[in-house]
Every structure is written in C-alpha cells, then in structure tokens.
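Observations on the three-dimensional arrangement
For reference, the chains in residue letters:
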Amino acid sequence: MVKTLFIYSGTDRRALEEEIKQGLSPDTSFFGFTYVRKDSRIDASYIQINKNSYTFAGGLVRKYAWLRVLYLFFKFRKELLAADVIVLMSSAYFELMYLKRFKLLSRRRWIILNLDLSTAFQPIAKAADRIICISKAQTEDLLKRGFHPERTIFIPLGVDKNFYKPVNSSREFILTIGRDVGRDFKTFLEAVKLSEEKTVMICSPKNVEGLEDMIPANLTILFDLPYQELKKYYQKAKVFVIATKPGNHFGSDCPGQTVILDTLAYNIPVVATYMPWFEGYFENGRHLITVPAGDPEALRKAMKEVASDRKLREVLSREGRKLVEERCNSEAMGNEIAELILKEEEKNWK
C-alpha cells in the first residue's frame, strides 16, 4: 500500500470534512483527495499548514525560508517520513521541496497539484517529480519555463457533482457569483446596465469598491453568502454570467474555474468572457457561450441570446451537466490522481 500525504493550506479541511458529511458543503476543496483515500491500494492522509504555524519564536521563523522549512519538517516529521508520495496543494509551501534538495526526503516522490504556479512561480517547483496542471494553459506555461514535458500532466478540475445537482430554475433573473481578483466587475456592470435585465450579483464588499457610481438600478448586490444560501439563487437564475479580466493570471491561474463548473453542475446555462484555461474543457456553443474579455456590448448580446433562446438554453444545460458528470467531477479527478500516485511509487522500486 502506498502511503500518501496531501499537504493543504487555507481552508480548514478538518472542519470542512464534518460539513461534507452533513451535506452542508461540497468536497471540491479537497481536490480529489476524498476519492484517493477510497482507493484500497493507497493509504492517504493529509496535514493542514497555515500561516499561524509560523508564530513560533515571535514570528522569527516566518522571516527566513530555511527556518520555515526546518520548522515544518520537525513539526510534521512523523507524517513526512512515513509518506512514500507527498502531494503539495499550494505554492505557499513549495519551499518544502528543499527537503528533497537537502536529501532529507529525497526518496519520496513529490507531486505538485498546480493551482497557482503560473501566478506565483517558484524555481524550487522544478524539483517536483510530477506536476498536475488543472488547465492546458498551465502546462504550456510550464513548458515555456523549461519544465520537462514528461513531468507535467493535465487533469481537469473536479467539482462535487453530488452536492451540485440539477435544479429547476424559475428563471427570474441573471446571476453572477464570485469574489476573486480575476473578475472584471466593471465590464459586468456596464453590460448589466445596457441589458436592463433584472440581475443579482453575489460577491464581497471589496469587489465593488470604487465602482459604486456604476451600479445600475436593475442590479441587486448581496455580500458573502454561504453555500447553503447560494443554491436558492441558482434556483431562480435564467443565465449565469461571469466576466474575467483579459490575460492569463490575476490572483489565480484559472479565474472563475470552480464557479463555472459548479454552475454547469446545476445545469444553469453560462455566458463567460473567454479565458485561456477554457481549452481542454469547453466547446463554445455546446457547454457555454464565450465572448471577448472587456467587451460589455458583446456580453450583453450573449446574455440576451441565451435568455431568449429556449433551445440554446436546453443544449447548454444538458451538455454542461454532462461534462461535469462524465469528466469534471471530484471522483474522476481523484481516480486520475490515484493512478498517478501509483505510477510514481513504482519508480521508487526501479
């Protein structure tokens, strides 16, 4: 049995596990781990590392990378030494791979799940044995940076298809949800004003700072609603719209990725500004409708087209949900990661 250690940061997965068991939250933030753990050939566990891990010694540890690495090694020494394969989930802790360079954990196979390597590039990432990219655009970026093609693999992001089940929408308004810095709220607000359609935007207060004078009368803004509340708004949405900034990287490598897949799982039709990470995921006109970034008039036209064309909505709803059921779900992602882990462990015996 292959002992595998996943290393997470950010969201407290221990609390999240309980919410998942109660059906209150999706398992998306585990990035396939819940299904890797179910594989009888793999003994999978995880540790959670957060910034407060560095409060030791009055914050001195936080200042120096080599101190952080050594501190984390000794703090999680038992877990790290027991692992055959280590899966890193955040660029914040790629520096742990210095343990491989220092020959402390050189026999372990190190895998990066690339969520933000293009945005927050660290040279030490080249020490990884394999890098899982959640978009083909990420893979192309790494190749340009000198990574070997055989060390990168594209595995589509998976969302919780059991939590996000198809809804029968009452089609009351256009909806957008999101708060990441990759969103183009200015273009979205301009498109909403041009459309005059009743629209709901769910975001954070910071997302509309400086844009208060642009908020049209036909837009209702709600702040920071939990998952349990969001479903109520999906059940009333006629179209889901997401506008992102032009270019590749704003805050994350794949802005809007999770919320688009969540929406497709709910079988709500999506209109989105094009992003490079769409390649390998979507076919325009089949899974969603794409428009150029930064073009409020094109966005307005697409919103109107989908809202008024029943047959188009049916195609988008059916094919979007099918994509999630067959390919972009947590189970499929976990199964692919499990096979990669097993292949990497085989190399330790050669």
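Everything here concerns the structure above.
None of these values were measured; they are calculated from a predicted model.

Broken down by element type, the protein carries 13 helices and 12 strands. Taking 20 Å as the expected radius of gyration for a compact globule of 350 residues, we find that the protein reaches 21 Å, a close match to that expectation. In terms of its C-alpha atoms, the protein occupies a principal-axis envelope of roughly 60 × 45 × 45 Å. Of all 350 residues assigned to the protein, the portion counted as buried reaches 54%. Put simply, of all contacts in the protein between residues at least 6 apart along the chain, 68% involve residues at least 24 apart. Accessible surface, the protein as shown: approximately 16,000 Å² in total, 50% of it carbon and sulfur. The protein carries 54 positive and 45 negative side-chain charges, and their two centres are separated by 4 Å.

In this section: helix α10 (residues 257-265). In terms of burial, α10 is largely enclosed, as eight of its nine residues are buried. For α10, the full list of buried residues reads Q257, V259, I260, L261, D262, T263, L264 and A265. Packing partners of the buried residues in α10 comprise β7 (173-177), α9 (227-234), β10 (237-242), β11 (270-273) and α12 (310-326).

About the criteria used
Residue positions are counted from 1 within each chain, in the order its sequence is given. This being a predicted model, a pLDDT of at least 70 is required before a residue's local features are given, and a value of 80 or more before pairs of side-chain atoms are given or counted; all residues contribute to the totals for chains, interfaces and linings. In computing side-chain properties, one takes all heavy atoms of the structure into account and sets aside hydrogens as well as water. What counts as a helix is a DSSP run of H or I of at least four residues, what counts as a strand is a run of E of at least two, and both are numbered from the N terminus. Radius of gyration means the value over C-alpha atoms here, while the globule rule gives 2.2 Å times the residue count to the 0.38 power. Three labels apply to residues, based on accessible area from a 1.4 Å probe with only protein chains included: buried if under 20% of the type maximum, exposed if over 50%, partly exposed otherwise in between. Contacts were defined at the residue level, with two residues in contact if any of their heavy atoms lie within 4.5 Å. Here the open area of atoms and residues is found with the Shrake-Rupley method and a 1.4 Å probe, where only the protein chains shown may cover a residue. Under this rule, positive means Lys or Arg and negative means Asp or Glu; His and the chain ends count for nothing. To locate a charge, take NZ of a lysine, CZ of an arginine, CG of an aspartate or CD of a glutamate.

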